[in-house]
Amino acid sequence: MTQANRIKPANLSIKEKESIYFIESKGVDFSLLATTQTMKNKKITDATKIISEYFHRVGFHNYDDQERGKAQKVTKDVYFHTLDKSVKSLASLYKAETRGDKRLNLTDFWNYTDSNEVNMLIADEGSLNVLNISRINLADIWKQNKPNKIKSFLNTIISEEPSIFDDIELEDIEKPDQIIIEGVLRERKVLARSRNKAIANERKKYDKYSCKACNFHYQDKVVECHHLNPISMVKESKVSIDSLVTLCPTCHSIAHQLLKADHTSNIKEKALIKNIKAILRDIKM
């Protein structure tokens, strides 16, 4: 399986998908490096289009400004993060002499991965960080109270500034008339993938502003547009009216849970709607 095919949604494991969903939900930009047996045998790693564009996008490295040949290589620090250690190593970025293929040589890389695995690349403070999401579930690790090296790294890239009011929880309130404070303003920097509202509005109009799963309708409002092949999985993609479906907020949430559980069985509109309706029937029983 090629690097590009390995990171297609249909070929990702549940663990890999949940890590990707989690990181995206925190507004952290990243890229994916899938490994193949050929890469392992030849000890050559291509900086695929998705990787090279990511490096350029976040200001980590621009291959287009680089001359060919290993003599022109650029070196940067790389960190491999596992639960019990974060190991500093070296990344070499260069273009092959003959064809100009973009290369990413990570020293000690194969000590932390194997063929047919997916590694998440996150550039931060001029260094490259590597997380093997085929072996670890970042969402689960984030929830753990027990300290580990991966969570320590995540704490450095995920901005969740505490408020002086965050310690006030409902169960802490002894008197029913006690006043709590909400709505504290906070400044955050978030990266979000762009969406085209025009085509979403066209799909809602096509569906007569009604949820395709439960038929909910309220004054041509409230309903949302669901991407059958979600942007969180495919990154930049061509979107047509046929690749969208109108759902109410509740059914939309159910749709995303179904996608996380089994992407391949819920990417087609008819199958997805059928599965949502089955869940709604179970809830009513």
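Note that the structure is predicted; figures quoted are calculated from it, not measured. (Residues numbered from 1 in each chain as written. Predicted model: local features only at pLDDT ≥ 70, side-chain atom pairs only at ≥ 80, totals over all residues. Heavy atoms only, no water.)

*Asks:* What am I meant to see in helix 7 (residues 197–206) here?
*Replies:* If you check which residues of helix 7 are buried, you get Ala200, Arg203 and Lys204. The arc enclosing the buried residues of helix 7, seen along the axis, measures out at 100 degrees, which places them on a common side. More than 90 degrees from the buried face of helix 7, the exposed residues found are Lys205 and Tyr206. Where helix 7 is buried, its residues contact strand 7 (224–227), strand 8 (244–247) and helix 10 (269–284). Positive phi appears at Lys208, one or two residues downstream of helix 7, with a value of about 60 degrees. (Buried < 20%, exposed > 50% of the residue type's maximum accessible area, 1.4 Å probe, protein only. Helix = DSSP H or I, 4+ residues; strand = E, 2+ residues; numbered from the N terminus. Arc of directions from axis to C-beta. Contact = heavy atoms within 4.5 Å.)

*Asks:* What is the right way to read the side chain of Arg6 from this model?
*Replies:* With respect to the helices and strands, the residue Arg6 is situated in helix 1 (residues 3–6). Residue classification places Arg6 among the buried residues on the basis of a relative accessible area of 7%. At 2.9 Å, the side chain of Arg6 forms a polar contact with the side chain of Asn116. (Polar contact = N/O pair within 3.5 Å; in protein donor to acceptor, adjacent residues only side chain to side chain.)

*Asks:* How do you make sense of the packing of helix 9 (residues 249–261) against helix 10 when you look at a structure like this?
*Replies:* Angle between the axes and distance between the axes: these two values describe a pair of packed helices. Two elements in contact, helix 9 and helix 10, have axes whose closest approach is 10 Å; the angle formed by their N-to-C orientations is 110 degrees. As far as their axial angle goes, helix 10 and helix 9 are roughly perpendicular. In this structure, helix 9 meets helix 10 at a crossing whose hand is right-handed. Residues Cys251, Ile254, Ala255 and Leu258 of helix 9 form the contact with helix 10, whose own contacting residues are Leu272, Asn275, Ile276, Ile279 and Leu280. Class assignment of the residues belonging to the contact of helix 9 with helix 10 gives a composition of 8 nonpolar, 1 polar and no charged. (Axes fitted to C-alpha atoms, helices over the stretch in contact; angles between N-to-C directions. Parallel < 35°, antiparallel > 145°, perpendicular 65-115°, else oblique. Left-handed = near helix turned anticlockwise from the far one by under 90°. Nonpolar A, V, L, I, M, F, W, Y, C, P; charged D, E, K, R; others polar.)

*Asks:* Just checking my understanding: could you explain the nonpolar core for this structure?
*Replies:* In summary, soluble globular proteins display a tendency toward joint burial of nonpolar side chains. Ranked by internal contacts, the top residues of the largest apolar core, which has 44 residues, are Phe55, Leu104, Leu106, Met120, Ile122, Leu138 and Leu154. Once residues within four sequence positions are removed from consideration, Ile122 is found in contact with Val28, Asp29, Phe30, Tyr54, Ser127, Leu128, Asn129, Leu131, Phe153 and Ile157. Formed by 14 residues, the second largest nonpolar core is a distinct cluster that contains Cys211, Leu247, Ile254 and Leu280. (Core = buried A, V, L, I, M, F, W, Y, C linked by side-chain atoms within 4.5 Å.)

*Asks:* Quick question: what am I supposed to make of the packing of aromatic side chains here?
*Replies:* Each aromatic ring pair is specified by the distance between its two centres and by the angle formed by the two planes. Taken as a whole, this structure holds 6 aromatic pairs when the rule is applied. Seen from their ring centres, Phe22 and Trp142 are 5.8 Å apart, and the 45 degrees between their planes marks the pair as tilted. Taken as a pair, Phe22 in helix 2 (residues 14–25) and Trp142 in helix 5 (residues 138–143) lie far apart in primary sequence, 120 residues in all. We note that Phe22, like Trp142, is buried. A ring pair is formed by Phe109 and Trp110, whose centres lie 5.1 Å apart and whose planes are at 65 degrees; its orientation type is edge-to-face. Taken as a pair, Phe109 and Trp110 share a single burial class, namely buried. Three or more aromatic residues joined by ring pairs form one cluster here, namely Phe80, Phe109, Trp110 and Tyr112. (Phe/Tyr/Trp six-rings, centres within 6.5 Å; stacked < 30°, edge-to-face > 60°.)

*Asks:* Would you mind showing me how to read unusual backbone geometry here?
*Replies:* Negative phi characterises most residues that are not glycine, and trans characterises most peptide bonds. Phi is positive for Lys208, which is not a glycine, with a value near 60 degrees. Structurally, Lys208 is set in the loop between helix 7 and strand 7. By relative accessible area, which is 65% here, Lys208 ends up exposed. Look at Asp220: it is not a glycine, yet its phi comes out positive at around 55 degrees.

*Asks:* So what exactly am I meant to see when it comes to the pairing of strand 2 (residues 74–81) here?
*Replies:* As paired elements, strand 2 and strand 3 (residues 86–95) share 8 bridges and run antiparallel to each other. Residue pairing in the sheet places Lys76 in a bridge with Ala91 of strand 3. Counting the residues between successive antiparallel strands, the hairpin from strand 2 to strand 3 contains 4 residues. Two strands pair when backbone bridges link them, and strand 2 and strand 6 (residues 127–132) are joined in this way by 4 bridges, in the parallel orientation. Residue pairing in the sheet places Tyr79 in a bridge with Asn129 of strand 6. (Pairing = 2+ DSSP bridges.)

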